[in-house]
Amino acid sequence: MNGTVYCFGEALIDFHAEPRAGNVPPAFIPHAGGAPANVSVAVARLGDASAFVGMFGHDVFGDLLLRGLADAGVDTRCTRRTDAANTALAFVTHDAHGERNFSFYRPPSADLLFRDGDFDPAIFAAGNIFHAGSCSMTEAASAATTLQGMGRAREAGALVSFDMNLRPALWPRGEDPAPTIWRALALADFVKLSAEELTFLAASTGSEGAVLERLWSAGTQFLVVTDGSRAIRWFTRDATGGMSTFAVRAIDSTGAGDAFVGGFLHDLAAAGSLTALLANGTRRDAALRFAAACGALAVTRTGSFAAMPALADVHAFLEQHA
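Residues numbered from 1 in each chain as written. Predicted model: local features only at pLDDT ≥ 70, side-chain atom pairs only at ≥ 80, totals over all residues. Heavy atoms only, no water.

Caption draft 1: Representation of the overall build of the chain. Check the secondary structure of the chain and you find ten helices and 14 strands. Principal axes of the C-alpha set define a box for the chain whose edges measure 55 × 45 × 40 Å. Of all 322 residues assigned to the chain, the portion counted as buried reaches 54%. Within the chain, contacts between residues separated by at least 24 positions form 70% of all contacts whose residues are at least 6 apart in sequence. For the chain, the accessible area works out to roughly 13,100 Å², and carbon and sulfur atoms hold 52% of it. Each charge class in the chain was averaged separately, 24 positive and 33 negative side chains, and the resulting centres sit 1 Å apart. (Helix = DSSP H or I, 4+ residues; strand = E, 2+ residues; numbered from the N terminus. Buried < 20%, exposed > 50% of the residue type's maximum accessible area, 1.4 Å probe, protein only. Contact = heavy atoms within 4.5 Å. Areas by Shrake-Rupley, 256 points an atom, 1.4 Å probe, with all protein chains shown as cover. Lys, Arg positive; Asp, Glu negative; His and termini not counted. Charge placed at Lys NZ, Arg CZ, Asp CG, Glu CD.)

Spelled out as structure tokens, the structure:
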């Protein structure tokens, strides 16, 4: 697999709260972020061909995001800009363990205005990876675009990657995200869920086993479930297993799952295909361990783009934890 990893969806500014002494309100510091954008940066920092696909407002925050992507080595030629809406914002606060709480200023936002006609057809080619998540599916037209992109990628022979990344606060009040998300899951070869997201899907299908059966019947080849510092679980149609994570002092968990996905896609690209990676248990486990190291390093750093580790950092970390 010698192609490019194309990451589609939202890019936004994460304003991270930094506490100040006394009763002074926290200062909110802007960081370039957004889950698919984070993955594109993670892949580029690991030395692979990476591109971001999405829409930005003609505003200072769109400028900041595009500059951050380019500085990280991400190809931005498939991005678009609009005057119809501003770039999305999120305000992030953290608890004592680095876990996040989000306040979103979206919709309306520019990322939700990307449409099927905005895709560069070159994205959809065998050998490429098309990665997406559910945050671009919280509005009907944007959801349709996400599904069109995933479908076009699969039809062309590209590998489709999907990180559910559920953010209930982004969905219209009273709307159940599950039916829309299941339409995307049905198009994915590789799926990454959190333990909470697996529980959410199980509630919509009746059981964890029913979730797995529905994924396999749609053509999913590999499911990975992360659970913070707890063990990773993985599933194929014929096997299942687990792997412990790395013990680190978490400062900020923002982007940890995105770093994990970027790390896994790095090893997937090196393997040549998902089938080849899964056929070799040693290589599969090494890919998961590498991805876990990327996620562990990310939580020791503040920020979103800024938290994505470089390849040399990951190798050094793995040597320290041999």
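Resuming the write-up.
Caption draft 2: Broad picture of the environment of threonine 245. Note that threonine 245 resides in the loop between strand S14 (240–243) and helix H7 (256–271). Residues threonine 245 and serine 229, spaced 16 residues apart in sequence, show a C-alpha to C-alpha distance of 6.1 Å. Not counting chain neighbours up to four residues away, the residues in contact with threonine 245 comprise Gly228, Ser229, Arg230 and Ile232. Polar contacts involving the side chain of threonine 245 include one to the main-chain carbonyl oxygen of serine 229, which spans 2.5 Å. (Polar contact = N/O pair within 3.5 Å; in protein donor to acceptor, adjacent residues only side chain to side chain.)

Caption draft 3: A look at the packing of aromatic side chains. Applying the stated criterion to the full structure yields 17 aromatic pairs. Pairing phenylalanine 119 with phenylalanine 130 gives two aromatic rings, centres 6.1 Å apart and planes at 65°, and the pair type is edge-to-face. Taken together, the positions of phenylalanine 119 in the loop between strand S8 (100–105) and strand S9 (129–133) and phenylalanine 130 in strand S9 put the pair eleven residues apart, joining distant regions of the chain. By relative accessible area, phenylalanine 130 is classed as buried at 1%. Counting every residue linked through ring pairs, the aromatic cluster contains Phe8, Phe114, Phe119, Phe124 and Phe130. The ring of tryptophan 182 carries arginine 214 above its face, with NZ or CZ at 4.2 Å from the centroid. (Phe/Tyr/Trp six-rings, centres within 6.5 Å; stacked < 30°, edge-to-face > 60°. Lys NZ or Arg CZ within 6 Å of the ring centre and 35° of its normal.)

Caption draft 4: Local environment of the environment of arginine 154. Note that arginine 154 resides in helix H3 (residues 140–156). Put simply, arginine 154 and proline 177 are 23 residues apart on the chain and 23 Å apart in space, counted from C-alpha to C-alpha. Once residues lying within four places of it in the same chain are set aside, the contact partners of arginine 154 are Val160, Ala186, Leu187, Ala188, Asp189, Ala218, Gly219 and Thr220.

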